[in-house]
Amino acid sequence: MSLYDDAVLVLKGYEGQDELRRSYLDHLAAHPDGMWKACRAGHLTASALVIDPEQGRVLLTLHRKLRMWLQMGGHCEPGDATLQAAALREAAEESGIAGLTPLPGGPVRLDRHPIPAPCHWHLDVQYAVLAPPGAVQAISEESLDLRWYGYDEVAGVADESVVRLLEATRARL
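Residues numbered from 1 in each chain as written. Predicted model: local features only at pLDDT ≥ 70, side-chain atom pairs only at ≥ 80, totals over all residues. Heavy atoms only, no water.

### So, the overall build of the chain
Reasoning step 1: The number of helices and strands found in the chain is five helices and eight strands.
Reasoning step 2: Listing the helices and strands of the chain from first to last along the sequence gives α-α-β-β-β-β-α-β-β-β-β-α-α.
Reasoning step 3: Whereas a compact globule of 173 residues would reach a radius of gyration of roughly 16 Å, the chain reaches 15 Å, a difference of no more than 12%.
Reasoning step 4: Referenced to the eigenvectors of the C-alpha coordinate spread, the extents of the chain come out at roughly 45 × 30 × 30 Å.
Reasoning step 5: Looking at the chain residue by residue over its 173 residues, the buried ones come to 48%.
Reasoning step 6: In the form shown here, the chain has an accessible surface area of approximately 8500 Å², with 53% of it arising from carbon and sulfur atoms.
Reasoning step 7: Charge separation in the chain, taken as the distance between the mean sites of 16 positive and 24 negative side-chain charges, equals 3 Å. (Helix = DSSP H or I, 4+ residues; strand = E, 2+ residues; numbered from the N terminus. Rg over C-alpha atoms; globule rule 2.2 N^0.38 Å. Buried < 20%, exposed > 50% of the residue type's maximum accessible area, 1.4 Å probe, protein only. Areas by Shrake-Rupley, 256 points an atom, 1.4 Å probe, with all protein chains shown as cover. Lys, Arg positive; Asp, Glu negative; His and termini not counted. Charge placed at Lys NZ, Arg CZ, Asp CG, Glu CD.)

### Description of the nonpolar core
Reasoning step 1: If you look at the biggest cluster of nonpolar residues, it comprises 32 residues, and the most contacted ones within it are Leu11, Met35, Leu44, Val50, Leu83 and Val125.
Reasoning step 2: Taken together, the elements giving at least two residues each to this core come down to helix H1 (3-13), helix H2 (18-30), strand E1 (43-52), helix H3 (83-95), strand E7 (121-130) and strand E8 (143-150).
Reasoning step 3: Here this core takes five residues from H1, the largest share from any one element.
Reasoning step 4: Look past the residues within four positions of Val50 in its chain and what remains in contact with it is Arg57, Val58, Leu59, Met72, Ala91, Ile97, Leu100, Val129, Ala131 and Trp148.
Reasoning step 5: By size, the runner-up hydrophobic cluster in this structure holds 18 residues, among which are Leu62, Val163, Leu165 and Leu166. (Core = buried A, V, L, I, M, F, W, Y, C linked by side-chain atoms within 4.5 Å. Contact = heavy atoms within 4.5 Å.)

### A few points about the environment of Ile139
Reasoning step 1: Positionally, Ile139 belongs in the loop between E7 and E8.
Reasoning step 2: Along the primary structure Ile139 and Glu94 are separated by 45 residues, whereas in three dimensions their C-alpha atoms are 6.8 Å apart.
Reasoning step 3: Among all residues touching Ile139, those that are not within four sequence positions of it are Leu144, Asp145 and Leu146.

### A few points about H1
Reasoning step 1: Buried within H1 are the following residues: Leu3, Asp6, Ala7, Val8, Val10 and Leu11.
Reasoning step 2: Of the surrounding elements, those touching the buried residues of H1 are H2, E1, H3, strand E6 (109-114) and E7.

### Quick notes on the pattern of salt bridges
Where charged atoms of side chains with opposite charge meet at close range, the side chains can pair.
Reasoning step 1: Inspection of the entire model under this criterion finds nine salt bridges.
Reasoning step 2: A salt bridge links Asp80 to Arg89, with the nearest nitrogen and oxygen atoms 2.8 Å apart. As far as the burial class goes, Asp80 and Arg89 line up, both buried.
Reasoning step 3: In the salt-bridge network here, residues are joined through shared partners; they are Glu77, Asp80, Arg89, Glu90 and Glu93. (Salt bridge = Lys/Arg side-chain N within 4 Å of Asp/Glu carboxyl O.)

### Points about the pairing of strand E2 (residues 57-63)
Reasoning step 1: Burial of E2 is extensive: five of the seven residues sit out of reach of the surface.
Reasoning step 2: Across three bridges, the pairing between E1 and E2 is antiparallel. Following the sheet pairing, Val50 is matched in E2 by Leu59.
Reasoning step 3: Connecting the antiparallel pair E1 and E2 is a turn made up of four residues, with Gly56 showing a positive phi of about 65 degrees.
Reasoning step 4: As defined by bridge partners, E2 adjoins E8 across seven bridges and the pair is classed as antiparallel. Bridge pairing in E8 links Leu60 to Arg147. (Pairing = 2+ DSSP bridges.)

Rendered as structure tokens:
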């Protein structure tokens, strides 16, 4: 199964955010290249909130280009077999943490946001991943910083999309 086919199946099975979910599916139907950064009309991305429920905290990255505290994530790559695998790869690369485990149940949220030209939109499929006990992070080239934040601290440093992702993740826990 191709990554495109996996994305369609994941989105068809995703419950909630019906209008946004439909727009993702419509975008993929209109753009067979909609999984890839080269699709200038917009493309799917995969992200993951790294969470440590035992400590009541999440790991956020200070994104090098955007200079915002965000969850880990980014573009799909040809070697990604599934959207979940892409999100897990991105989370491991950007956090430096081995042994991350996807939170069961598939994507936690969808978030569509504009990006600078030449592309126009990221259609982000957001997952949550559990950090193993004693996880130690390591800053990647894509980050200016990595930091653990308590659940109640996230709203003070991150934008509403991250807050909504945390709320949806906690509801699933």
